[in-house]
Amino acid sequence: MPQVPRTFTDYRAALVMAVQEEIAGEAYFARLAELHPGRGRQALALLARMEAATAAATRPLVERHGLALEPAETLRAAGRAEADRDGAAPWPQFVAAMAENYPAFTAEFEQIAALAPPEDAELCAVLVDHEVAAVDFARLEVAGNADSFAPLEAFLARHGG
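The structure displayed is predicted, hence computed values, not measured ones.

1. Topic: the packing of aromatic side chains
Under the definition given, this model contains 5 aromatic pairs. The interplanar angle of 25 degrees and the centroid separation of 5.9 Å between the aromatic rings of Trp-91 and Phe-94 together place this pair among those described as stacked. Here the residue Trp-91 and the residue Phe-94 both occupy positions in helix H4 (residues 91-115), the gap between them amounting to 3 residues, near one helical turn. As far as burial versus exposure is concerned, Trp-91 and Phe-94 are alike and both buried.

Right under this line is the structure:
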């Protein structure tokens, strides 16, 4: 059963959650890259870079709103621990789960963007954009498309990763 998106009504709380998940996500994908060989390792390294670029792009929102985040090392440790739990999945199963479950994250980021004040719209769009790229990658990879990395690389080209 695919993951169901969470519902948000408080922009600031949702933004804290999103940015913290990006910081943890970088460590999650970097750790998974250590656990997978070949093509999986390459893709996971790109995903880690994308999470880092997204966290960096949204940092001004955290500062603008005076939000407090958990310590970065706490978030990274949580990301690595989650990766250690998920790391045993073979690459085809892992990427199939991404294709099935990550659209929920896209919906969540779209909610956050809809709650954002107009001055935050451009940076919130980066949250949505990065998740769309991850879903597009996963769907292409599952389909066996040799150019599946293209959405990840395009995101990084647009957002400095």
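On we go from here.
2. Focus on the packing of helix H1 (residues 11-35) against helix H2 (residues 38-64)
Helix-helix packing: each pair is described by the crossing angle between the helix axes and the interaxial distance. Interaxial distance between H1 and H2 falls to 8 Å at its minimum, and their mutual angle equals 155 degrees. Of the possible angle classes, the one that applies to H1 and H2 is roughly antiparallel. For the pair H1 and H2, the crossing hand works out as left-handed. Taken together, the residues that form the contact of H1 with H2 break down as 17 nonpolar, 3 polar and 7 charged.

3. Observations regarding the pattern of salt bridges
Tallied over the full model, the rule gives 8 salt bridges. A salt bridge links Arg-6 to Glu-108; its shortest N-O distance comes to 2.7 Å. Of the two residues, Arg-6 sits in the segment before H1 while Glu-108 sits in helix H4, which places them 102 residues apart along the sequence. In this structure, Arg-39 and Glu-141 form a salt bridge, with 3.0 Å as the shortest nitrogen-oxygen distance.

4. Concerning H4
Along its 25 residues, H4 runs 35 Å from first to last C-alpha, staying within 8% of the 36 Å computed at 1.5 Å per residue. Most pronounced at Asn-101, the bend in H4 amounts to some 40 degrees, and the proline Pro-103 follows within four residues.

5. Observations regarding the nonpolar core
Of all hydrophobic cores here, the largest spans 51 residues; its most connected members are Phe-29, Leu-47, Met-98, Ile-112 and Phe-137. Counting only elements with at least two residues in this core, the list comes to H1, H2, helix H3 (72-86), H4, helix H5 (121-142) and helix H6 (150-159). The element best represented in this core is H1, accounting for 13 residues.

6. Details of H2
The end-to-end C-alpha distance of H2, which contains 27 residues, comes to 41 Å, matching closely the 39 Å that a straight helix rising 1.5 Å per residue would cover. Along H2, the helix axis deviates most sharply at Thr-58, where the bend reaches about 35 degrees; the proline Pro-60 sits within four residues downstream. Two residues or fewer past H2, Gly-66 is found with a positive phi of approximately 60 degrees.

What counts as what
Residues numbered from 1 in each chain as written. Predicted model: local features only at pLDDT ≥ 70, side-chain atom pairs only at ≥ 80, totals over all residues. Heavy atoms only, no water. Phe/Tyr/Trp six-rings, centres within 6.5 Å; stacked < 30°, edge-to-face > 60°. Helix = DSSP H or I, 4+ residues; strand = E, 2+ residues; numbered from the N terminus. Buried < 20%, exposed > 50% of the residue type's maximum accessible area, 1.4 Å probe, protein only. Axes fitted to C-alpha atoms, helices over the stretch in contact; angles between N-to-C directions. Parallel < 35°, antiparallel > 145°, perpendicular 65-115°, else oblique. Left-handed = near helix turned anticlockwise from the far one by under 90°. Nonpolar A, V, L, I, M, F, W, Y, C, P; charged D, E, K, R; others polar. Salt bridge = Lys/Arg side-chain N within 4 Å of Asp/Glu carboxyl O. Expected span 1.5 Å × (residues − 1). Bend = angle between axes of the 7 residues up to and from the residue. Core = buried A, V, L, I, M, F, W, Y, C linked by side-chain atoms within 4.5 Å.

These figures come from the coordinates and say nothing about function on their own.
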